[in-house]
Amino acid sequence: MHAIQKLTELLADMPGVGPRQARRIVHFLLRATPSFRNSLAESIRTLAENVAQCKACFRYDEVNNDGRCALCANKNREKSTLTVVEKDVDVEGIESVGFYTGAYFVLGSLIPLTEYRKRALAPRTQELFARLATDTAVTEVVLAFATTPEGDYTAQELKQMIREKKPDMRVSMLARGLSLGAEIEYADQETLRNAFRGRA
């Protein structure tokens, strides 16, 4: 396969990048300096070699010898609150606000509104409950999902399951400071701060 076509197809598989955008990126790279292309290639190689999925929160980061990311390995972080998010970038969004100092768990996806696809979430959901069963420091679970039908459905399902398995566990959801349909990763800092403060 021609090199331009191959790279275009690979880029088009990325989220939010269609064939037209992929072609533009490829032609940008063709016009870029060799040093830029080399730096980009080296960064991708470094990413593959040095970044792994944290065994505690399941986000991708550089991990220590115990397989934990910098956030999970930080002994100064507050251990009693565990915030469950859909994806890695949600962690980055919350961290950028600078007020939350608890732990995280990345669910990986929301529960779709179909029974067939719901079963596909089971492995990560099971790992969440394994975390709650072994991490005795956690006293509150914060469900921080997008304010979409699937986000609300996921929060309600998990809330019910947690209360069935851990009746004494406090389970809270972000306040409706987030507008309908809002994604955590795109929320502004003040909105996120108020949503956390008003969680219930």
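Each chain has its residues counted from 1, following the order in which its sequence is written. Note on the predicted model: pLDDT of at least 70 is required for a residue's local features to be given, and 80 or more for side-chain atom pairs to be given and counted; whole-chain, interface and lining totals, by contrast, use all residues. For the side-chain quantities, the full set of heavy atoms in the structure was used; hydrogens and water were omitted.

S.K.: Just checking my understanding: could you explain the side chain of Arg124 for this structure?
M.R.: As for its placement among the helices and strands, Arg124 is situated in helix 7 (residues 122-134). Throughout, exposure labels follow a simple rule: accessible area from a 1.4 Å probe, protein chains only, divided by the maximum for the residue type, with under 20% read as buried, over 50% as exposed, and the rest as partly exposed. Classification of Arg124 as buried rests on a relative accessible area of 18%. In terms of polar contacts, Arg124 uses its side chain to reach the backbone carbonyl oxygen of Leu107, at 3.3 Å. Here, residues are in contact when the closest pair of their heavy atoms is within 4.5 Å. With near-sequence residues (within four places) excluded, Arg124 lies in contact with Gln53, Phe58, Phe105, Val106, Leu107 and Gly108. Strands are runs of DSSP state E lasting at least 2 residues, helices are runs of H or I lasting at least 4, and numbering of each runs from the N terminus. Here a polar contact means two N or O atoms within 3.5 Å. Within protein one must be a hydrogen donor candidate and the other an acceptor candidate, and residues neighboring in sequence count only if both atoms are side-chain atoms.

S.K.: Honestly, the packing of helix 2 (residues 19-31) against helix 3 (residues 34-50) in this entry has me stumped. Any pointers?
M.R.: To describe two helices that pack against each other, one gives the angle between their axes and the distance between the axes. Interhelical geometry of helix 2 versus helix 3 gives an angle of 125° and a closest axis separation of 7 Å. Taken together, the axes of helix 2 and helix 3 lie oblique to each other. For the pair formed by helix 2 and helix 3, the contact residues are Phe28, Leu29 and Leu30 on the first element and Phe36, Arg37 and Leu40 on the second. To obtain an axis, a line is fitted to C-alpha atoms, over the contacting stretch when the element is a helix, and the angle between two such axes runs from 0 to 180 degrees between their N-to-C directions. Roughly parallel refers to an angle under 35 degrees, roughly antiparallel to one over 145, roughly perpendicular to one between 65 and 115, and oblique to any angle outside these ranges.

S.K.: Teacher, can you tell me more about helix 5 (residues 88-97) here?
M.R.: Think of an α-helix as 3.6 residues a turn; residues three or four steps apart then line up on the same face. When helix 5 is considered as a whole, its buried residues turn out to be Asp88, Asp90, Val91, Gly93, Ile94 and Val97. Just downstream of helix 5 lies Gly98, where phi reads positive at about 85°.

None of the figures reported here should be taken as evidence of function without further support.
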